Amino acid sequence: MSFLEKVKEFLLLGQETNFDITQMYIQNPNGTYTSILIIVSTLLIILFFIRRSIKISSALKLVSNLKKSNDFEDYNSKLNKLASELPKRGLKLAHSINKDKNQLLNKELDLLKDLNIKDKISAYTSISEQYSLISKNSKKFKINELTLFYEEKSKTLLSENLALEINTYILNTNFNENDVEFVNSIVSYSNSRNEPDSLLNPLIKQINRFSYSHNLDLYKFTKALEKDKSLQIYKNCNEKLNAVLESKKDNISNVILSYILENDDKNIVYSYITNLESSLHLQGLYYNFFGKTDDIDLDLAFVANDTKIYSDYSTYIDCKITDNWRDITYIKHIIKSSRVLETIGHISYRNVLERIEKLEKDEETNKALSEVLQVARRAEAIAIEAKEIARQK
């Protein structure tokens, strides 16, 4: 019996029994069972097509919603869903995407324009991956225009659009502490590419256009870089900065030196001042720093420099020693420092040594007297204690 004949038989039997399933089964158990299976299968097929139609409609609506989106995160989420849905929703969706592909791209680029460079790198990378997936998933529909468009754009979004965004950032940035996270994102992205130097070399070149000896923001930027995150930029900036700090000729600004003295390793400044060969710059630093604070090591750094400038180191050192004449440690620190002997002369130097020697003897005498007094006090205490015991007996 054919499928149509079975259906006809089922309908006739249904009319006779008023579609009472129990009676239908009693009169024709095999036919009823088969018919039920047919009905169930038919219903399932109908439900499948209804559900598929709903999903296709939903996917088509997704394309429409993408064009209206005003938030990149929302757009990106919908695009990701669209890329995944494409191979399952048929030719109609593929044609819809192909028709609106340029409009979708322009909308996407518009949503990206106000993001910072770190977020742009993340966004462009994500979009490129999704475009590549759309290209791959559209091949089954044999719409070459659609497939090639997304294949090409997945590449040019990075090689052209993102590269332009990065170069624009590089050319319009002053490089301060706040830029470190953005520079690190460029470094990380560049090192993930086949030719990292194409982006990193322009970045390094632009950074090096700023002065390491006069730009405090650049100093702070360099100090904020992390070796394991900033990599090539960390290496470049620290090498350049250290070369300036260790130079005997570079004129580092008062602003940077003051900042280092307040926030960094002071020895950097001491060493720089001690070795500076420019008499003109050293003279300026002398007027700005020498004797202006209680930092004796800063002052002694000037004394240690044999570059000829107008100064009165001898009088200054004599005053410091006189004002602190009972502080042996302080005086010893001064007298043992570089070029102090040449500065104050042998006679004054000898007098200071004699003063130190006398103070040390006085200190030893005072220490001995103190020990004698302590012993005497202890003996007195013992005697009093013994007398008290004897009285009680």
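Calculation notes
- Residues numbered from 1 in each chain as written.
- Predicted model: local features only at pLDDT ≥ 70, side-chain atom pairs only at ≥ 80, totals over all residues.
- Heavy atoms only, no water.
- Helix = DSSP H or I, 4+ residues; strand = E, 2+ residues; numbered from the N terminus.
- Buried < 20%, exposed > 50% of the residue type's maximum accessible area, 1.4 Å probe, protein only.
- Contact = heavy atoms within 4.5 Å.
- Areas by Shrake-Rupley, 256 points an atom, 1.4 Å probe, with all protein chains shown as cover.
- Expected span 1.5 Å × (residues − 1).
- Bend = angle between axes of the 7 residues up to and from the residue.
- Axes fitted to C-alpha atoms, helices over the stretch in contact; angles between N-to-C directions.
- Parallel < 35°, antiparallel > 145°, perpendicular 65-115°, else oblique.
- Left-handed = near helix turned anticlockwise from the far one by under 90°.
- Nonpolar A, V, L, I, M, F, W, Y, C, P; charged D, E, K, R; others polar.
- Polar contact = N/O pair within 3.5 Å; in protein donor to acceptor, adjacent residues only side chain to side chain.
- Salt bridge = Lys/Arg side-chain N within 4 Å of Asp/Glu carboxyl O.

**Q** What is the right way to read the overall build of the chain from this model?
**A** For the chain, the helix and strand inventory stands at 19 helices and zero strands. The buried share among the 393 residues of the chain stands at 39%. The contacts in the chain between residues at least 6 apart in sequence include a share of 65% that link residues at least 24 apart. Summing over all exposed atoms, the chain offers an accessible surface of approximately 23900 Å²; the carbon and sulfur share of this is 51%.

**Q** Teacher, can you tell me more about helix H7 (residues 144-171) here?
**A** Helical geometry: 3.6 residues make up each α-helical turn, so side chains three or four residues apart lie on a common side. The terminal C-alpha atoms of H7, which comprises 28 residues, lie 39 Å apart, in line with the 40 Å expected from a rise of 1.5 Å per residue. Taken as a whole, H7 carries its principal kink of about 45° at Thr-156.

**Q** Explain the packing of helix H14 (residues 266-275) against helix H16 (residues 296-304) here, please?
**A** Following both chains from N to C, one finds H14 and H16 inclined at 20°, their axes separated by 7 Å at the closest point. Relative to H16, the element H14 lies roughly parallel. Where H14 crosses over H16, the handedness of that crossing is right-handed. Of the residues in H16, those touching H14 at Val-269, Tyr-270, Ile-273 and Thr-274 are Asp-297, Leu-298, Ala-301, Phe-302 and Ala-304. Grouping the amino acids of the contact of H14 with H16 by side-chain chemistry returns seven nonpolar, one polar and one charged.

**Q** It is not clear to me how the packing of helix H15 (residues 279-289) against H16 should be interpreted in this structure. Could you clarify?
**A** The axes of two packed helices give the description: the angle between them and the distance between them. Where H15 meets H16, the closest approach of the two axes is 11 Å, and the angle between their N-to-C directions is 155°. Between H15 and H16, the crossing angle belongs to the class labelled roughly antiparallel. Considering how the two elements wind past one another, H15 and H16 form a crossing that is left-handed. Every residue of H16 that contacts H15 at Leu-282, Leu-285, Tyr-286 and Phe-289 is listed here: Leu-298, Asp-299 and Phe-302. Taken together, the residues that form the contact of H15 with H16 break down as six nonpolar, no polar and one charged.

**Q** Could you clarify how one ought to interpret the side chain of Asn-236 in this entry?
**A** Positionally, Asn-236 belongs in helix H12 (residues 232-245). A residue is classified by how much of its surface remains accessible, and Asn-236, at 11% relative accessible area, is buried. A distance of 3.0 Å separates polar atoms of two side chains, one belonging to Asn-236 and the other to Asn-208.

**Q** How should the pattern of salt bridges be read in this particular structure?
**A** Pairs can form between side chains of opposite charge once their charged atoms are near each other. Per the stated rule, a full pass over the model turns up eight salt bridges. Note that Lys-113 is salt-bridged to Asp-110, the shortest N-O span being 3.1 Å. According to the relative accessible area criterion, Asp-110 is partly exposed, its value standing at 38%. Close ionic contact of Glu-239 with Lys-235 constitutes a salt bridge, the shortest N to O distance being 3.1 Å. In this pair, Glu-239 and Lys-235 both sit in helix H12, four residues apart, roughly one turn of the helix. Residue class for Glu-239 comes out partly exposed when judged on its relative accessible area of 47%.

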